Protein chains: 2
Amino acid sequence: MSLQRWLPCLAWGRDYNRETAAQDGLAAMIVTLMLIPQSLAYAMLAGLPPVTGLYASMLPLLAYALFGSSRTLAVGPVAVASLMTASALSPLFPAGSPEYIGAAMLLAALSGLVLAGMALLRLGFIANFLSHPVISGFISASALLIAISQLKHILGISAQGDTLPELIPELLRHLPDFSAPTLLIGALAMAWLWWARRHAKGALMQLGASPTLAANLSKAAPALAIIVAILAVAGFDLGAAGVKVVGAIPQGLPGLALPTLDLDLAGQLLPAAVLISLVGFVESVSVGQTLAAKRRQPIDPDNELLGLGAANVAAAVSGGFPVTGGFARSVVNHDAGAQTPMAGVFTAAGIALGVLLLTPLLHDLPQAVLAATIIVAVLSLVDLGAVLRTWRYSRQDGLAQVVTLAGVLLIGVETGILLGVGLSLLLFLWRTSRPHMAVVGLVPGSEHFRNVERHRVIESPRVLSIRVDESLYFPNARFLEERVNELVAQHPEVRHLVLMCSSVNLIDASALDSLEAIAHRLGASGIQLHLSEVKGPVMDQLNRSDFLQRFGGQVFLSQFQALHCLDPDCVSAPGAGSKGEAGQNRPQAMQDRRQNQDTAV
Amino acid sequence: MSLQRWLPCLAWGRDYNRETAAQDGLAAMIVTLMLIPQSLAYAMLAGLPPVTGLYASMLPLLAYALFGSSRTLAVGPVAVASLMTASALSPLFPAGSPEYIGAAMLLAALSGLVLAGMALLRLGFIANFLSHPVISGFISASALLIAISQLKHILGISAQGDTLPELIPELLRHLPDFSAPTLLIGALAMAWLWWARRHAKGALMQLGASPTLAANLSKAAPALAIIVAILAVAGFDLGAAGVKVVGAIPQGLPGLALPTLDLDLAGQLLPAAVLISLVGFVESVSVGQTLAAKRRQPIDPDNELLGLGAANVAAAVSGGFPVTGGFARSVVNHDAGAQTPMAGVFTAAGIALGVLLLTPLLHDLPQAVLAATIIVAVLSLVDLGAVLRTWRYSRQDGLAQVVTLAGVLLIGVETGILLGVGLSLLLFLWRTSRPHMAVVGLVPGSEHFRNVERHRVIESPRVLSIRVDESLYFPNARFLEERVNELVAQHPEVRHLVLMCSSVNLIDASALDSLEAIAHRLGASGIQLHLSEVKGPVMDQLNRSDFLQRFGGQVFLSQFQALHCLDPDCVSAPGAGSKGEAGQNRPQAMQDRRQNQDTAV
């Protein structure tokens, strides 16, 4: 039972049969065809020899199949993690050097340990602090950055830089050196991939293919582009014409080796490893949950952490670099009918076969085609409309998104994401420090109390009912005191003030002091403070102090009960309340207000 | 009108008359008698020549009288600000050197500009982020640190250090060098001051003094100790016996001079200046509000910021160091009958008279007596019982208090306070990331809904009512999804889920996505999501998205209305609801629970 908790493969492995295997095998073939060019391309994006992308697509898939809980998540190198790898390592070592490759393995190892550690300590909730607007801004900015950084391969020029202010001048400076045949190949590849993504399925169906076959065949477009490009380079000797190619790739499977443990370097890489882990985890879980929901399968965040952790450790010991669950390939895997993580095992076998048989053929693969694959893939991730939608919904969320986006583009990947998270939290804290407070009155014909400025309600002249729309804690404790003072000054006839605590989820020590001060000051003005609708957990805490004994007022179960007790005439007026108590009709005790009634809910 | 907004002195100055002047004058005399020894002592604590304490007690009082809004706050050097000054400057320059004195003036100038800037930008709310437990822990720790740091003067030894781990070994190492006559004077002074603080008033009343006279006379105990000590040192030539004295004090008023503007140094001092400003502001406003409440006078935080800012700038240009409103002296000022800030002007005049006439007499004043004044004053600020009280009320507040206390004692004043504030905020955010959620049911005989586990309520088998006790925002968005899934799984017969939003003060973009996901998943299981008791501001925001059009459910004014609409039989059952609608009595539609009823409110 406990073993199965950490090894979800025991659950699906028990019922594994030939039919499931056939479905997994078909999905694996399609994903393999898609993954080979992607792996090569993302390795290049990470500043690593392309073959390391293939290495990172074998053992990690096996490790995830053992520990991961998603049935259809496809793990491997992804664009954003590759960009973050490059931005963490490029300031330290020359891209592609042995030190750089070793550091990439160490980064994967650190990322794996961070993820596994989070699983064991159940710290998965930390990922929740990456808000959707921050993630969205980060993904859009990263995709733009990736696309622009790959332009150099399309143009056949060299350009260094991790941010727009570095990249753009470099690109402009080297633009005159562009290679015409490279640009031609790159542009053709982009056009083909762009067309295939949009129209290939429709075209294949018009040619008579079934929808499923057409969808699966269209996934082979990048592989086809690669084959054609290799043939073109080899046939026309374009390498001699200045088209940069992948070059010699070591044949055979990667040897297993622990990354060199350099503690200083590990310390330098740790912040990047944490961020890569968190971002990768969020991306994986989002994809995993979306796909799992379609088939009503469970996703356990702790299992995901462990599965991704194991995958990264596996990448580290087999010459790879940080990996995570990819969006596009997981959807393809799911749609192609994958039933279990065994599809990942088959994919790994397919990649291994590719490494053993195909690597000599990849020598003439132009880098421009790989860059085209990346550009077309990542541009679909850019969603600038989301910025507008978020801004329209909430200025605060929109600001966080814009700051993340600008930070990633202009300052750097890690700084941008940290700025976004920090700003989101600060804006929330600032918001809670100036809570909305409403004077509430009784909605006629009910026992419900709402804001007097938005609803047509009945108010008592003797009892002032105030609803505080926030937990009471130190940043807003003094604000509460000031607002209560103001509101009391505006209602000179009031003899009782009821603080309706339906929104108060916490009263901390500072706020307790403020409540005492409020009760004391009100008492000096002949007004009694009461509380209503105090929730269980808050009541438990108040009972640990002597406030309730000393403040002199009552704690009412509901605001209606409070008004019923403190001003019975008000609730028994015609149309008010619902008890039908006998009582004098005192219309002068009521004030009817009707403002903004169209916004009333 | 606008001028009076920033110059409260125009308000009280208009009605100023001879009677008020007499009351202010008497209070000023008593405060002057108290302030002269305190000023000398706190300057020594700040690592400055004692006379700078007198300088800091003249012009700043005039500046505060112009701009401050508190009628009775007494401004000047205080223990905590002096300790913070020493801890900011001692790593940079040797104590008492001209550079040190110049840096203290610069620190006062920065602090003044920070305060004035906060006033103009209306940033006073920042001070609210210092929670009461953090302030209490900080004050207790500072007082302990001050008392221990002054032991060296009582023992007549030298010992450097700003934290306990530095101070304690130094004190122990130099302990054998202690000076017996110094220790005797210091111990006698401490004993006298301690006795005077506790019993002098009673003793004077037994001798026939009126309570007011006795209280005022007892404030002169430190001044008496100083006179006796000076006479003893002069009479028995104790200076030759190793008793360290204050020494030559330059006579005359301080010259006005701008502090040297060293931008590098200013940058280094700025963080300390900000913290000194915030802490000083919080202390002043607390004292000011307490005293103002007694006489029902207004305190405007913005005026206080400007008043304290002006006081610090005045301290900077007249050879002083950071000042703020002191607790003890303000209470004395208030109790002695001060009516307006003119009492501060008179006090300043008294101090100036002292500087002109008395400074030659202070040459033989033993440092041990000043140290005794400090120790007795600050030990009354140590309140370790507060740690226990806070811990009992709230583990989170207690933890923040202990961390602040330990941080100040062991690491440093600024680090300690920043640790406390940071931890308080993190604990709050952590708390909101895992909100309390309750399944609620109808309280019989009312329209009020409460937790089924705490109250005896009526539940509908078809409608699941969930109250979320927190704003919905990114750290808890995923948690909400998971909890809703769990709760729905526990209630398989449910067809409607009503999210009661009475505690939801915000639904941010991430939470909106989660709500859409919840509605979508519930819909796939044949359950309809509804909302109830959505507040006006939240509703306004939801209307800026298309969620309400797309989620398929209804938004009910109240939870009762929701149940009334979705399961009318449930609310019309005997004892339920209060409308008395006709309807079938379906007892099987009700579940009565009664748990923890003694905690029910």
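None of these values were measured; they are calculated from a predicted model.

(A) Just the interface of chain A and chain B, in detail. At the junction of the two partners, chain A supplies 76 residues and chain B supplies 74 residues. Residues A:Asp540 and B:Arg454 are paired through a salt bridge, measuring 2.7 Å at the closest nitrogen-oxygen approach. Inspection of the chain A/chain B interface yields 37 residue pairs in polar contact (both at pLDDT 80 or more). Elements supplying a minimum of two residues to the side of chain A that touches chain B: α8 (132-155), α13 (263-295), α18 (385-393), α20 (413-433), α21 (474-490), α22 (509-524) and α23 (536-542) of chain A. The element contributing the most residues to the side of chain A that touches chain B is α20(A), with 8 residues.

(B) Here's a closer look at the domain arrangement of chain A. On domain assignment, one finds that chain A holds domain 1 (2-8 + 27-406) and domain 2 (437-599). Taking only C-alpha atoms, the centre of domain 1 of chain A and the centre of domain 2 of chain A are 57 Å apart.

(C) Just the environment of A:Asp567, in detail. Residue and element names in this part refer to chain A. By secondary structure assignment, the location of Asp567 is in the loop between α25 (559-566) and α26 (568-572). Residue Asp567 is classed as buried on the basis of its relative accessible area, which comes to 2%. Linking Asp567 and Arg462, residues 105 residues apart in sequence, is a C-alpha distance of 7.2 Å. Within polar-contact distance, the side chain of Asp567 engages the side chain of Ser460 at 2.5 Å.

(D) Quick look at the side chain of A:His153. Here A:His153 is to be found in helix α8. The contacts of A:His153, once residues within four sequence positions are left out, are A:Met44, A:Thr182, A:Gln367, A:Ala368 and A:Ala371.

(E) Inspection of the pattern of salt bridges at higher detail. All names here are of chain A. A full pass over the atoms with the stated rule returns 20 salt bridges over all chains. Arg173 is the salt-bridge partner of Glu170, the closest N and O atoms lying 2.6 Å from each other. Residue Glu170 and its partner Arg173 are both found in helix α9 (residues 164-174); the two are separated by 3 residues, about one turn of the helix. Among the residues examined, Arg173 registers a relative accessible area of 55% and is labelled exposed. Taking the shortest distance from any N to any O, the salt bridge between Asp469 and Arg467 comes out at 2.8 Å.

(F) Just a nonpolar patch on the surface, in detail. Taken together, the side chains of A:Leu253, A:Leu353, A:Leu356, A:Leu357, A:Leu358 and A:Leu361 make up a nonpolar region of the molecular surface, amounting to roughly 570 Å² of accessible area. You can see A:Leu357 is positioned in helix α16 (residues 342-357).

(G) Region of the structure containing the sheet that holds strand β5 (residues 463-468) of chain A. Residues and elements named next belong to chain A. Read from one edge to the other, the open sheet built from 6 strands follows the order β4-β3-β5-β6-β7-β8, with strand pairing classed as mixed. Pairing within the sheet leaves two strands with one partner each, and these edge strands are β4 (449-451) and β8 (555-556). Where strand β7 (residues 528-532) lies against β8, 2 bridges are found, and the strand directions are parallel. Within the sheet, the bridge partner assigned to Ser532 lies in β8 and is Phe556. Packing of α21 onto the sheet brings it into contact with β3 (437-442), β5 and β6 (496-500), and relative to β3 it is tilted by some 45°. Here α22 sits on the sheet and contacts β6 and β7; the angle it forms with β7, its principal contact strand, is near 140°.

(H) Main features of the relation of the copies chain A and chain B. Under the fitted operation, chain A is carried onto chain B by 0.1 Å of movement along the axis and a turn of 180°, and the coordinates agree to an RMSD of 0.1 Å. Seen this way, the second copy is the image of the first under a two-fold rotation axis. Scanning chain A for the C-alpha nearest the rotation axis identifies A:Ser503, at a separation of 1.9 Å. Both copies share a contact surface, since 97% of the interface residues of chain A are interface residues in chain B too.

(I) Summary view of the UniProt feature "domain: STAS" (unreviewed entry) in chain A. Those places that UniProt annotates as "domain: STAS" (unreviewed entry) correspond, in this numbering, to residues 453-552 of chain A. A distance of 30 Å separates the end C-alpha atoms of residues 453-552 of chain A, which is 44% helix and 16% strand.

(J) Structural detail: the nonpolar core. Of all hydrophobic cores here, the largest spans 262 residues; its most connected members are A:Phe138, A:Leu365, B:Phe138 and B:Leu365. When sequence neighbours within four positions are dropped, the list of residues in contact with B:Leu365 reads B:Leu40, B:Ile226, B:Ile230, B:Lys244, B:Val245, B:Val246 and B:Leu370.

(K) Structural view of the side chain of A:Ser57. Of note, A:Ser57 is situated in the loop between α4 (51-55) and α5 (59-67). Among all residues touching A:Ser57, those that are not within four sequence positions of it are A:Leu35, A:Ser39, A:Pro77, A:Ala348 and A:Ile351.

(L) Looking closely at helix α15 (residues 327-335) of chain A. The set of residues buried in α15(A) consists of A:Arg329, A:Ser330, A:Val332, A:Asn333 and A:His334. A:Gly337 sits one or two residues past α15(A) and shows a positive phi near 100°.

(M) Region of the structure containing the pairing of strand β7 (residues 496-500) of chain B. Residues and elements named next belong to chain B. Most of β7 sits inside the fold, with 5 of its 5 residues counted as buried. Of the two faces of β7, the one holding His496, Val498 and Met500 and the one holding Leu497 and Leu499 are both buried throughout. Remark: the strand β6 (residues 463-468)/helix α21 (residues 474-490)/β7 crossover connection has right-handed handedness. Across 5 bridges, β7 lies against strand β8 (residues 528-532) in parallel orientation. Of the residues in β8, the one forming a bridge with Val498 is His530. Crossover handedness for the path β7 to helix α22 (residues 509-524) to β8: right-handed.

(N) Broad picture of the state of the cysteines. Residue and element names in this part refer to chain A. Using the criterion set out here, one finds 0 disulfides over all chains in the structure. Cysteine Cys501 is unpaired, with the sulfur of Cys565 as its nearest cysteine sulfur at 16 Å. Judged by its relative accessible area of 42%, Cys565 falls in the partly exposed class.

(O) Here's a closer look at the packing of aromatic side chains. Counted according to the given criterion, the structure contains 9 aromatic pairs over all chains. Seen from their ring centres, A:Tyr473 and A:Phe474 are 5.3 Å apart, and the 70° between their planes marks the pair as edge-to-face. Grouping residues by exposure puts A:Tyr473 and A:Phe474 together as buried. Ring centres of B:Trp192 and B:Trp195 lie 5.8 Å apart, and the angle between their planes is 20°; this geometry places the pair in the stacked category.

Conventions adopted
- Positions within a chain are numbered from 1, following the residues in the order the chain's sequence is written.
- Following the order in which they are written, the chains are lettered starting with A and the ligands numbered starting with 1.
- Selection of residues for local features in this predicted model requires a pLDDT of at least 70, selection of side-chain atom pairs for listing and counting requires 80 or more, and totals for whole chains, interfaces and linings are taken over all residues.
- Excluding hydrogens and water, the side-chain figures rest on all heavy atoms present in the structure.
- Whether two residues are in contact is decided by their heavy atoms, any of which lying within 4.5 Å being enough.
- Salt bridges are defined by distance alone: a side-chain nitrogen of Lys or Arg within 4 Å of a carboxyl oxygen of Asp or Glu.
- Residues adjacent in sequence count toward polar contacts only when both atoms are side-chain atoms; beyond that, a polar contact is any pair of N or O atoms within 3.5 Å, and within protein one must be able to donate a hydrogen and the other to accept it.
- What counts as a helix is a DSSP run of H or I of at least four residues, what counts as a strand is a run of E of at least two, and both are numbered from the N terminus.
- As annotated, the domain borders come from an automatic or database domain assignment.
- For each residue, the accessible area found with a 1.4 Å probe, counting protein chains only, is set against the maximum for its type, and the residue is called buried under 20%, exposed over 50%, and partly exposed in between.
- Residues enter patches when they are more than 30% accessible in relative terms and free of salt bridges; like-charged ones are connected within 9 Å and nonpolar ones (Val, Leu, Ile, Met, Phe, Trp, Tyr) within 5 Å.
- The Shrake-Rupley method, run with a 1.4 Å probe sphere, supplies the accessible areas, and residue values consider only the shown protein chains as cover.
- Here the rule is simple: two strands pair whenever DSSP picks up at least two bridges between them.
- Every axis in this analysis is a line fitted to C-alpha atoms, fitted for helices over the stretch in contact. Angles between the N-to-C directions lie between 0 and 180 degrees.
- The atoms used to superpose the copies are C-alpha atoms, taken from residues with pLDDT of at least 70 in both, and the fit is least squares.
- UniProt positions are given in the numbering used here, feature names are shortened, and annotations may be inferred rather than shown by experiment.
- What we call a nonpolar core is a set of buried Ala, Val, Leu, Ile, Met, Phe, Trp, Tyr and Cys residues that are connected through their side-chain atoms within 4.5 Å.
- When the strands point away from the viewer, a crossover counts as right-handed if the path from the first strand over the helix to the second runs clockwise.
- Here, the term disulfide refers to a pair of cysteine sulfur atoms separated by no more than 2.5 Å.
- Note on aromatic contacts: the rings of Phe and Tyr and the six-membered ring of Trp form a pair at centre separations within 6.5 Å, being stacked when their planes are under 30 degrees apart, edge-to-face when over 60 apart, and tilted otherwise.

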